[in-house]
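Here is what each chain is made of, one letter per residue.
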Amino acid sequence: MRAAIRKNKLPADLELEGLVGWQGVTARTPADWNLGALGGDVRSGYLRVDDEHMPRLEIKWSYGKVDTNKVLTRYLGQLGKKTRRSSQMVVQRDTHLVSNRLQPGRSLQCFSWQGDRQQAHGLIWRCQGCQRTVIAQVLGPRQQDLAPLARAVLASLNDHDREGWYTWSLYGLAVDIPKEYELTRQQLMSGYLDLQFERGKRRLRVTRWGMAQLALRDRSLVHWVEVEHVKRRDVHWQAHALEGDEHPAALLAGERRRPLHWPRKQVARLLRVRAPIIFSGKVWHCAPSNRLFSVEEIHAAGEEHWPQVAGSIRCH
Amino acid sequence: MLLRRKGKPRFSRETALTAYPVRNRSLEYQRLESGELAITVRRRSELWARLLSKVFVVPRQRQVLLDEVGADIWELCDGEHTVRDLVAHMARKYQLNRKEAEVSLTTYLRNLGKRGLVGFAVPAAPKEGELAHAKSKHR
């Protein structure tokens, strides 16, 4: 088995164009794999990626002291119980699918199993640096030569930030968010994605609308923004058309709406406290992808992240 | 036992994707200049329906208005395109991710189905043993 896996080189046509990223865990996938299920938070969570027919990638993570050997034994034991009627279940440990050199600083263990209809190649690790334990497996039909694909996907798996930034990626939207910000709300609907992050009273929000032509119709972008945000009560805001940008864009500017705003603002000024009360952001229409994007933030003076966040989005 | 309700047929995702949505042929529809589509649903003409409509004041007809995207899909519910074809069409035309298109389209078609505006033709699965029988015959 080991020799067979080693012999399996990555086929030239196997390109991992997709990217899935959630709570700091990222993996490269084939382009037609999409997020299928989500659960948990940054401390412990679950992620499933599906292709058109079946689940293809499962990732679980948690923090804390965990004996990966025991976790893997328990997982494979449960797997055996679930399919105990099947005489075809073959489980292998220490398959060396992914080299330790590809995932430095992690105690890595690879495994594989093969059932009546499905097979999987997976790995478990505990990172010495961040203490996060990750267990992941790539699934496929029994007949498929899964090892090269599984190796490529699992080798691309990462659970570390990039210079203080986590990549969040789903349904073709990839955005970098500062690591300290925690996801507090998400709306994943067809044609509408909304991710909201918080760090204390600082807020960061990334939204994507599909079918932009239908949403805009004959209206200007600024007009559309005004209509879209007309019911907002959390901020006082204004939108201005932004000239000279790659796409038609509008800048958002304003202040947080709160009780006794003006006196509180004056007190903060006297005490030289930089309170997160500034509202700013950008909305743009990407015609090639037929989508509208919005990045907005409530931040303190001189502490804005939204320009970098907006810059990290590759809209087309 | 006799009074037990007939359960709704349950389809797997794969079966649902290979189903052919078909418009209700008794309905009239018309594309409007705005790109929307108006479907006219007439009141049933049976005696009991006429009597009930007198009691509960049911209008002779009502209109269901579909937006541009809905109208586009409605026109493709001709019994010649599968749900999977419609997903591909929608993803291509509106530049949606395939998963996004699938979720919104299946929800939309389910709603149309609940209102009796479309039905679904599902390819018949071979009965258990049919294949085995055919094989043994072949031998």
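Residues numbered from 1 in each chain as written. Chains lettered and ligands numbered in written order. Predicted model: local features only at pLDDT ≥ 70, side-chain atom pairs only at ≥ 80, totals over all residues.

1. Remarks on the overall build of chain A
Move 1: Across its full length, chain A carries 7 helices and 18 strands.
Move 2: The principal-axis extent of the C-alpha atoms belonging to chain A is close to 70 × 45 × 35 Å.
Move 3: Residue burial in chain A is summarised as follows: out of 316 residues, 35% are buried.
Move 4: Counting only contacts in chain A whose residues sit at least 6 apart along the sequence, the fraction spanning at least 24 positions is 48%. (Helix = DSSP H or I, 4+ residues; strand = E, 2+ residues; numbered from the N terminus. Buried ≥ 20, exposed ≤ 12 C-beta atoms within 10 Å, placed from the backbone. Contact = placed C-beta atoms within 7 Å.)

2. So, the environment of Ser-289 of chain A
Residue and element names in this part refer to chain A.
Move 1: Tracing the sequence through the fold places Ser-289 in the loop between strand 17 (278-286) and strand 18 (291-299).
Move 2: Here Ser-289 falls in the partly exposed class, since 17 other C-beta atoms lie within 10 Å of it.
Move 3: Placed 26 residues apart in sequence, Ser-289 and Cys-315 show a C-alpha to C-alpha distance of 6.9 Å.

3. Looking at the sheet that holds strand 18 of chain A
Think of a sheet as strands paired side by side through backbone hydrogen bonds, with each pair either parallel or antiparallel.
Residues and elements named next belong to chain A.
Move 1: Sheet architecture is open: 7 strands sit in the order 12-13-14-18-17-16-15, paired in antiparallel fashion. Lying at the two open borders of the sheet, with one neighbouring strand each, are strand 12 (182-189) and strand 15 (235-242). Adjacent strand axes in the sheet meet at a mean angle of 10° when their direction is disregarded.
Move 2: Sheet topology note: the strand 14 (residues 202-209)/strand 18 ladder contains 7 bridges and is antiparallel. By the bridge assignment for strand 18, Val-206 is matched with Val-295.
Move 3: Contacts from helix 5 (residues 221-228) reach strand 15, strand 16 (249-256) and strand 17 within the one sheet, and its direction differs from that of strand 15 by about 165°. (Pairing = 2+ DSSP bridges. Axes fitted to C-alpha atoms, helices over the stretch in contact; angles between N-to-C directions.)

4. Side note on the domain arrangement of chain A
Residue and element names in this part refer to chain A.
Move 1: For chain A, the assigned domains read domain 1 (2-155) and domain 2 (165-312).
Move 2: A straight line from the C-alpha centre of domain 1 to that of domain 2 covers 35 Å.
Move 3: Taken residue by residue, the interface counts 9 residues in domain 1 and 8 residues in domain 2.
Move 4: Only strand 1 (18-22) and strand 3 (34-40) provide two or more residues apiece to the side of domain 1 that touches domain 2. (Domains from an automatic or database assignment.)

5. Considering helix 4 (residues 83-93) of chain B
Residues and elements named next belong to chain B.
Move 1: Three or more residues of helix 4 are buried, namely Val-83, Leu-86, Val-87 and Met-90. Down the axis of helix 4, the buried set is contained in an arc of 105°. They therefore lie on one face.
Move 2: Turning to helix 4, the residues buried within the fold contact helix 1 (13-17), strand 1 (20-23), helix 3 (68-76) and helix 5 (98-114).
Move 3: Backbone geometry just downstream of helix 4 places Gln-95 in the positive-phi region, at approximately 50°. (Arc of directions from axis to C-beta.)

6. A word on the pairing of strand 11 (residues 173-178) of chain A
All names here are of chain A.
Move 1: With 6 bridges joining them, strand 10 (residues 165-170) and strand 11 adopt antiparallel strand pairing. By the bridge assignment for strand 11, Tyr-166 is matched with Ile-177.
Move 2: Here strand 10 folds back onto strand 11 in antiparallel fashion, the turn holding 2 residues, of which Tyr-171 has a positive phi close to 45°.

7. Re helix 6 (residues 261-270) of chain A
Move 1: Among the 10 residues of helix 6 of chain A, 0 are classified as buried, and the element is accordingly described as predominantly exposed.
Move 2: Taken from the residues just after helix 6 of chain A, Arg-272 of chain A is the one with a positive phi, measuring 55°.

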